[in-house]
Amino acid sequence: MSATEYIASIGLEVHVQLKTRTKMFCSCPAHREDDPPNTNVCPVCLGLPGALPVPNREAIRKTVKTGLMMGSTISLRSRFDRKNYFYPDMPKNYQITQQERPLCIGGGLEIEVNGKKKYIRLNHIHQEEDAAKITHLEHSSEIDYNRASTPLMEMVTEPDMSTPDEAIAFLTALREMLIYAGISECDLERGHMRCDVNSSIRPAGTDRLGVKCEIKNMNTFRGIHRALEYELRRQQSVLESGGTLRQETRRWDDEAGATFPMRSKEYAHDYRYFNEPDLPPVVLDQATIDQWRTEIPELPRARRARFVSDYGLPEYDAGVLTADRAIADWYEAAARASKNPKAVSNWVMGELLRALGEKGLTIADAKITPAALASLLDLLDKKTINGPAAKEVFQILFDQGGDPAEIVKAKGLAQVSDTGAMETFAEQAIAANPKSVDDYRSGKQAALMYLVGQVMKLSRGKANPQLAAEILRAKLAP
Ligand code: ZN
Ligand code: MN
């Protein structure tokens, strides 16, 4: 048992690729990394002498909207700075970023881990441009400038997270929000979200933060979780063995499952920031910001709460349904058309998500409309059809679309509630199963269910099972 308990402080610097048509300072198409190398380039993003940058208004709008969603203060006047460094991924030998006056200041995001809520503060969000992609070969390197100068926003949190789970909860909530609001696709495999992860530990009962280690350029949630677990353990064992921690930059080796110090050359932090002379300050007026605020959709958290109150759904259902904006929209359209929003929820979470998953489709590909599901469930409610028939109709609607009532008619799926026909089926079932009849009469309730099953079979699945049970009970009464 260790004598001292340690508390961890984790902070994140998250780079998010903004969903824009063009790059940050030129009109080259953005997000076309899969095109042949160096085809989406121009004098500006290649850093040719004399080429002048022009800020991408759409990128600024998306960054400001993000700040508004997170409760940041939006700077009416911010500016760009040069971060100078020599590395071929940045052809200008500097990155245009924001150092002194970022677009968004403060704000934060609430996370929940194991039912416990916690507010993670944001220090700021700044606007910048991405670097080119370098592939190191054995004796040379290849550079592709298609990604160079793609718009990024960098979100810097306060060191408010204290476990790897909290860090992942923050990133998950952030990603969900950014996708919802159309800010970024946040495709992790394509590097749309990349993190520098800062961590330190300090003995419990002390206030001063410990020595910080930074792990650079992480792009999977699983990797971040593992790297943090490793790093916090490593820091603790250094302290427990009487050593001292150095402030340093480390890199995560996924195969080794460990972090290693980076050579000091790799993080020489003398960026000699200075004001970007080729760009005027970014000046925004309150009316524009107010306009952008109106464009923010209802976010998952608020929508979840509203699904609970408006449709009487359990928290669990509301969470599943709002995780994806298109599914939430679809559910809402169906719930509004139906008298039974909870039944709609069951069918969306069950049949619809299952069917989509099986075929690898998104909701936009499904042929069934929200109105069709609502009227299908209405037929079920009114006992025009029974459960198995409803599932059969659902599958037809899913694959081909159409009107539930017409499908029921065409397929002859309407429930048999006609007492005459049911009586005949019940008599046949009784005559053919004397053993079950004896069992039921001697008190075995399960035997009745068996006979109901036989009636269902005789009716080829169309019998109303409640009615079948009622008739059988009456016939078998002493
Ligand atoms: Zn360009
Ligand atoms: Mn950055």
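What you are looking at is a predicted structure, and each value in this text was computed from that prediction instead of being measured. (Residues numbered from 1 in each chain as written. Chains lettered and ligands numbered in written order. Predicted model: local features only at pLDDT ≥ 70, side-chain atom pairs only at ≥ 80, totals over all residues. Heavy atoms only, no water.)

## Here we look at the pattern of salt bridges
Thought 1: In the structure shown here, the tally under the stated rule is 43 salt bridges.
Thought 2: Glu100 is the salt-bridge partner of Arg79, the closest N and O atoms lying 3.1 Å from each other. Of the two residues, Arg79 sits in the loop between β3 (77-78) and β4 (81-84) while Glu100 sits in the loop between β5 (94-97) and β6 (104-105), which places them 21 residues apart along the sequence.
Thought 3: Relative accessible area serves as the criterion here: at 18%, Arg79 is assigned to the buried category.
Thought 4: A relative accessible area of 58% places Glu100 in the exposed class.
Thought 5: Where Glu166 meets Lys118, a salt bridge forms, and the shortest distance between an N and an O atom there is 2.7 Å. Of this pair, Glu166 sits in helix α2 (residues 164-180) while Lys118 is found in strand β8 (residues 116-129), placing the two residues 48 residues apart along the sequence. (Salt bridge = Lys/Arg side-chain N within 4 Å of Asp/Glu carboxyl O. Helix = DSSP H or I, 4+ residues; strand = E, 2+ residues; numbered from the N terminus. Buried < 20%, exposed > 50% of the residue type's maximum accessible area, 1.4 Å probe, protein only.)

## Structural notes on unusual backbone geometry
Thought 1: Despite not being glycine, His31 has its phi angle at roughly 60°, a positive value.
Thought 2: Here His31 lies in the loop between β1 (6-17) and α1 (57-69).
Thought 3: In this structure, Cys186 is a non-glycine residue whose phi angle is positive, near 50°.
Thought 4: Examined against the element boundaries, Cys186 turns out to sit in the loop between α2 and β12 (193-203).
Thought 5: Among the residues examined, Cys186 registers a relative accessible area of 0% and is labelled buried.

## Let's talk about the coordination of the zinc ion (ligand 1)
Metal coordination angles have textbook ideals: 109.5 degrees for a tetrahedral set of four donors and 90 or 180 degrees for an octahedral set of six.
Thought 1: The coordination sphere of the zinc ion (ligand 1), as far as protein atoms go, consists of Cys26 (SG), Cys28 (SG), Cys42 (SG) and Cys45 (SG), spread over 2.3 to 2.4 Å.
Thought 2: Mapped onto the sequence, the residues coordinating the zinc ion (ligand 1) show the spacing C-x1-C-x13-C-x2-C. Here Cys28, found in the loop between β1 and α1, pairs with Cys42, found in the loop between β1 and α1; they are 14 residues apart in sequence, far enough to count as distant. Each member of the pair, Cys28 together with Cys42, is buried. (Donors = N, O, S within 2.8 Å, 3.2 Å for Na, K, Ca; no water.)

## A look at the state of the cysteines
Thought 1: One pass over the full model with this rule turns up 0 disulfides.
Thought 2: Cys195 supplies the cysteine sulfur nearest to Cys213, a cysteine that is in no disulfide, at a spacing of 17 Å. (Disulfide = S-S within 2.5 Å.)

## Thoughts on the coordination of the manganese ion (ligand 2)
Thought 1: Binding of the manganese ion (ligand 2) to the protein goes through His15 (NE2), Glu128 (OE) and Glu154 (OE), at separations of 2.0 to 2.2 Å.
Thought 2: Mapping the donors of the manganese ion (ligand 2) onto the primary sequence gives the spacing H-x112-E-x25-E. Note that Glu128 is positioned in strand β8 and Glu154 in strand β11 (residues 151-157), a separation of 26 residues in sequence.

## Here we look at the nonpolar core
Thought 1: One finds Phe170 and Leu174 to be the most contacted residues of the largest nonpolar core, which totals 66 residues.
Thought 2: Top contributing element to this core by residue count: α2, with 8 residues.
Thought 3: Grouped together as the second largest cluster of nonpolar side chains are 38 residues, Phe307, Ala334, Ala372 and Leu397 included. (Core = buried A, V, L, I, M, F, W, Y, C linked by side-chain atoms within 4.5 Å.)

## Describing the domain arrangement of the protein
Thought 1: Taken domain by domain, the protein holds domain 1 (6-291), domain 2 (300-411) and domain 3 (419-476).
Thought 2: Inter-centroid distance (C-alpha atoms) of domain 2 to domain 3 is 33 Å. (Domains from an automatic or database assignment.)

## Some details on the environment of Gln127
Thought 1: Along the chain, Gln127 falls in strand β8.
Thought 2: Of the residues examined, Gln127 reaches a relative accessible area of 0% and is grouped as buried.
Thought 3: Separated by 30 residues in sequence, Gln127 and Thr97 have C-alpha atoms that sit 6.0 Å apart.
Thought 4: Once residues lying within four places of it in the same chain are set aside, the contact partners of Gln127 are Leu18, Met24, Ala59, Ile60, Thr63, Phe80, Thr97, Gln98, Leu103 and Leu152.
Thought 5: Reaching out from Gln127, the side chain makes a polar contact with the side chain of Thr63 at a distance of 3.1 Å. (Contact = heavy atoms within 4.5 Å. Polar contact = N/O pair within 3.5 Å; in protein donor to acceptor, adjacent residues only side chain to side chain.)

## Considering the packing of aromatic side chains
Thought 1: With the rule as written, the count across this model stands at 9 aromatic pairs.
Thought 2: An angle of 90° between the planes, with centres 5.6 Å apart, marks the rings of Tyr311 and Tyr331 as edge-to-face. Of this pair, Tyr311 sits in helix α5 (residues 300-311) while Tyr331 sits in helix α7 (residues 325-337); the two residues are 20 residues apart in sequence, bridging distant segments of the chain.
Thought 3: The exposure class of Tyr311 is buried, given its relative accessible area of 12%.
Thought 4: A relative accessible area of 0% means that Tyr331 is categorised as buried.
Thought 5: Plain terms: the ring middles of Phe394 and Phe398 are 6.2 Å apart, the flat faces sit at 25° to each other, and that makes the pair stacked. Highlighted residues: Phe394 and Phe398, both in helix α10 (residues 387-400), separated by 4 residues, approximately one helical turn.
Thought 6: Here the guanidinium or amino end of Arg82 rests over the ring plane of Tyr94, the centre of that ring lying 3.9 Å away. (Phe/Tyr/Trp six-rings, centres within 6.5 Å; stacked < 30°, edge-to-face > 60°. Lys NZ or Arg CZ within 6 Å of the ring centre and 35° of its normal.)

## Remarks on the pairing of β11
Thought 1: Among the 7 residues that make up β11, 7 are buried, leaving the element largely enclosed by the rest of the structure.
Thought 2: Alternating positions in β11 separate into two faces, Pro151, Met153, Met155 and Thr157 on one and Leu152, Glu154 and Val156 on the other, with burial throughout.
Thought 3: Pairing between β1 and β11: 5 bridges, direction antiparallel. Considered in β11, the bridge of Val16 is made with Met153. (Pairing = 2+ DSSP bridges.)

## Here's the deal with the layout of surface pockets
Take a probe with the size of a water molecule and roll it over the atoms, and the empty space left behind shows itself.
Thought 1: If you add up the space inside the second largest pocket, you get close to 610 Å³.
Thought 2: Taken together, 20 residues make up the lining of the second largest pocket; nearest its centre are Glu110, Glu112, Glu176, Arg301 and Arg304.
Thought 3: Looking at the lining of the second largest pocket, the elements that each hand over two or more residues are β7 (108-113), α2, α5 and α6 (315-322).
Thought 4: Structurally, the lining of the second largest pocket is a two-domain feature, drawing no fewer than three residues from each of domain 1 (6-291) and domain 2 (300-411). (1 Å grid on protein atoms, 1.4 Å probe; cavity = no way out; pocket = protein on both sides within 12 Å on 5 of 7 lines; lining within 4 Å. Points joined across faces, edges and corners; volume = space filled by probe spheres on them.)

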